[in-house]
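# Chain and residue survey
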Amino acid sequence: MKLLRVAASAAVILSLAASVQAGGIRPDCDAEKVAKNAALEATVGVSGRCTEDRAVENAKDNVNDRVDDARDGVADHVGDVRGGVSDRVDTAHDSVERADGKVDDALDKPVRTLLN
């Protein structure tokens, strides 16, 4: 009985210390922490801040963050591809203009063009 009282006191002290230290920071709850808290609640009567609801909320936030990151990555890649295609189109356009100029020169001065 005395051991149980000491364990309960230690759990309360650790819980208070963690809550003071963490302040308003949301814990990163996952299934493992929820299971540990449930076991602690069942044996000592005190549990931590991780609940099933917080674990589900964290999982949703993580999925949303990953989707946003993937969406940003795709948008960046599309922008890079568009920039590359635009550069190639500009280069091709410049080449056509140079070739057009050479054709005009050849038509205006055919003999000079052949001798050069």
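Residues numbered from 1 in each chain as written. Predicted model: local features only at pLDDT ≥ 70, side-chain atom pairs only at ≥ 80, totals over all residues. Heavy atoms only, no water.

### Thoughts on the environment of A59
Along the chain, A59 turns up in helix α3 (residues 52–108). Separated by 30 residues in sequence, A59 and C29 place their C-alpha atoms 8.5 Å apart. (Helix = DSSP H or I, 4+ residues; strand = E, 2+ residues; numbered from the N terminus.)

### Things to note about the pattern of salt bridges
Tallied over the full model, the rule gives two salt bridges. When the shortest N-O distance is used, the salt bridge between E32 and K36 registers 3.4 Å. Remark: K36 and E32 occur in helix α2 (residues 31–43); sequence separation between them is four residues, near one turn of the helix. The pair E32 / K36 is uniform in exposure class, with both members exposed. A salt bridge links D68 to R71, with the shortest nitrogen-to-oxygen separation between them at 3.6 Å. In this pair, D68 and R71 are both assigned in helix α3, three residues apart and thus about one turn of the helix distant. (Salt bridge = Lys/Arg side-chain N within 4 Å of Asp/Glu carboxyl O. Buried < 20%, exposed > 50% of the residue type's maximum accessible area, 1.4 Å probe, protein only.)

### A look at the confidence of the model for the protein chain
For the protein chain, the mean per-residue pLDDT works out to 77, and 71% of the residues sit at or above 70. Mean pLDDT per element in the protein chain: helix α1 (residues 2–22) is the minimum at 53, and α2 is the maximum at 88. (pLDDT = per-residue confidence, 0-100.)

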